[in-house]
Amino acid sequence: MAKASAVIKQSPEVISRSGPFGVVILAPRDIEPRLLEGSARLVWDLLSDWSTREDIAESLAKLFGEDHGVISRDIEMVIEELIATEAVVVS
Amino acid sequence: MTALGSPDRFSTLDFVAGVGLREFSEDEIRDLQGISEVEWTQLHRELLLERLVPLAAYALDHGALTASDIQRTQITQDHARSMSLAVVLERRLLEVYSEMSLAGIDVRVLKGSAVAHLDYPDPSWRAFGDVDLLVPADSFAAASEILNAAGAPRRFAEVSKGFDSRFGKGACFVYADGLQVDLHRSIAEGPFGLTVDLDSLFNDVEEFEIGGVNLRTISRQHRFMHACFHAALGDVSPRLVALRDVAEMLLVNKVDFSDAVVTARAWRAEAVIARAISLAWQRIDLPPNDASRWANTYSPSGYEERALRAYTSENRSYATQVAAGVTAVPGITGKLAYMRALLLPSRQHISGRDSSYWARFRRGAAALRESRSSQ
């Protein structure tokens, strides 16, 4: 598991399409395309620049007026999965 | 607002094909909510067949279409599915492109993926269903071998040994998972495919990027020519997405129309771009411009008229197009080689397309009758 302070970003190797449906991504280790909707899409969009989980959680907490800790736990799984499939690269 | 089923000037399907190409007034907004389930099922199926689901999704997003929640959900899900297929196809494209490039083949991406990335405001506006690649004629056999070795055999065997490299449009290769690669030597079958300056397609290069890899495609001008060839000659009744490509390139991408006419003249194919533009403007109901006025008044030569019939008549077939190609092959030696290849096809080709030599003979005779009656 990458550290919470690790700086991460979308991998340039991801093949993707975005539209009103969300974002479809096909990462190097994905067998099938993955559809990111709702908050998962927001996480993905925020990862177009180098960020930490902390930065992302803070941005989403501000956007939704939710508790930072709750948001952190919610996005944890999404980010771990994106790292595991090499959809994001770790600096 | 217009309800589907009312006597519209043109159909909702055609309206969707034109979304984003022109301004629409409030009373032109199409309302899908009031239509019956049968009508919706029919329209939904046609949107899929015509590859217009992405444009329908954007029409909903921009307010040009209104729909019930169920209809909206179906279109959104279809859009996601068509884009899932696009990324899967693009991964396969990267694999094949890389293998061919490593083998020293000067490959170019054609149609779907290249057009989606370079000719539309966003690649998610354009759906496609296969991978299209162009290779130099003398690399066609090597490129075919690469696809075979990767587990994608040809769908139909070559007419006769060496036919593809010299005269053919190309061949279709299908993987076990159903994904398809169309390998092209030219951009059309039959007479119009034989007069294309193939070298020029490789001389003018444009690049686009997928997954961090730069891929080469033909120039914008040549993509427009290819879009016209596909729209005018690909099917008797062209898919709306093919007509949209033609209009998109002229109206949004501002392809130089005068240059296109000069190229078409050199390729003996002015009638092809005239037909493509005419069909696009008519079906999508676009306001007249210089290109459409030229297309509507263009008078094809006798050669063009005869050649066009091979693609547009009700009896169109691979056989009629290939038979009509004889006139376009330059020189007596070339014509003889072309006719010999057609008269003595390989047994594998016969078994793929016809049940026997007799069945092929009958199809050939029908093609000849068709070709004669059109002269």
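**Points about the overall build of chain B**
Broken down by element type, chain B carries 19 helices and 9 strands. Within chain B, the proportion of its 375 residues that are buried is 55%. Sequence-distant contacts in chain B: of pairs separated by 6 or more residues, those separated by 24 or more amount to 70%. With the model as given, the accessible surface of chain B reaches about 16600 Å², and the carbon-plus-sulfur share is 51%.

**A short note on the pairing of strand β7 (residues 180-184) of chain B**
Residue and element names in this part refer to chain B. The buried fraction of β7 amounts to 4 of the 5 residues, a majority that puts the element mostly inside the structure. Examined bridge by bridge, strand β5 (residues 131-134) and β7 share 4 bridges and lie parallel to one another. Residue pairing in the sheet places Val 131 in a bridge with Val 181 of β7. In this sheet, β7 lies alongside strand β6 (residues 170-174) in antiparallel orientation, the contact comprising 5 bridges. In the strand pairing of β7, Phe 173 is matched with Val 181.

**Describing the sheet that holds strand β4 (residues 34-36) of chain A**
Residue and element names in this part refer to chain A. Taken in spatial order, the 3 strands make up an open sheet running β2-β3-β4, and their pairing is antiparallel. With partners counted over all chains shown, the strands left at the sheet margins are β2 (15-19) and β4, one partner each. Strand-to-strand twist in this sheet, taken as the mean axis angle between neighbours without regard to direction, amounts to 20°. As paired elements, strand β3 (residues 22-26) and β4 share 3 bridges and run antiparallel to each other. When the sheet's bridge partners are listed, Val 24 is paired in β4 with Leu 35.

**Overview of the interface of chain A and chain B**
Between chain A and chain B, the residue contacts involve 18 residues of the former and 24 residues of the latter. Here chain A meets chain B over a buried area of about 1400 Å², counting both sides, of which 67% is carbon and sulfur. Taken together, the links from chain A to chain B amount to 1 salt bridge. Across the salt bridge formed by A:Arg17 and B:Glu90, the nearest N and O atoms sit 2.7 Å from each other. Put simply, chain A and chain B have 5 residue pairs in polar contact (both at pLDDT 80 or more) between them. The set of elements that each furnish at least two residues to the side of chain A that touches chain B consists of β2 and β3 of chain A. Of all the elements, β2(A) adds the most residues to the side of chain A that touches chain B, at 5 residues. Within the side of chain A that touches chain B, the residues separate by chemical class into 12 nonpolar, 3 polar and 3 charged.

**Things to note about the pattern of salt bridges**
Inspection of the entire model under this criterion finds 22 salt bridges over all chains. Across the pair B:Asp119 and B:Arg223 runs a salt bridge whose closest N-O atoms are separated by 2.8 Å. Note that B:Asp119 is positioned in helix α5 (residues 112-119) and B:Arg223 in helix α10 (residues 220-233), a separation of 104 residues in sequence. A single salt-bridge network, built from bridges that share partners, covers A:Asp30, A:Arg34 and A:Glu81.

**Digging into the environment of B:Ala137**
Within the secondary structure, B:Ala137 sits in the loop between β5 and α6 (140-149). Between the alpha carbons of B:Ala137 and B:Gly170 there is a distance of 9.5 Å; along the sequence they are 33 residues apart.

**Quick word on the packing of α10(B) against helix α13 (residues 270-284) of chain B**
Residues and elements named next belong to chain B. Here α10 crosses α13 at 75°, and the two axes come no closer than 8 Å. By the angle class used here, α10 and α13 are roughly perpendicular. Contact residues: Phe 224, Met 225, Cys 228, Phe 229, Ala 231, Ala 232 and Leu 233 in α10; Val 272, Ile 273, Arg 275, Ala 276, Ile 277 and Leu 279 in α13. Classifying every residue of the contact of α10 with α13 gives 12 nonpolar, no polar and 1 charged.

Analysis parameters
Residues numbered from 1 in each chain as written. Chains lettered and ligands numbered in written order. Predicted model: local features only at pLDDT ≥ 70, side-chain atom pairs only at ≥ 80, totals over all residues. Heavy atoms only, no water. Helix = DSSP H or I, 4+ residues; strand = E, 2+ residues; numbered from the N terminus. Buried < 20%, exposed > 50% of the residue type's maximum accessible area, 1.4 Å probe, protein only. Contact = heavy atoms within 4.5 Å. Areas by Shrake-Rupley, 256 points an atom, 1.4 Å probe, with all protein chains shown as cover. Pairing = 2+ DSSP bridges. Axes fitted to C-alpha atoms, helices over the stretch in contact; angles between N-to-C directions. Buried area = accessible area lost by both parts, 1.4 Å probe. Salt bridge = Lys/Arg side-chain N within 4 Å of Asp/Glu carboxyl O. Polar contact = N/O pair within 3.5 Å; in protein donor to acceptor, adjacent residues only side chain to side chain. Nonpolar A, V, L, I, M, F, W, Y, C, P; charged D, E, K, R; others polar. Parallel < 35°, antiparallel > 145°, perpendicular 65-115°, else oblique.

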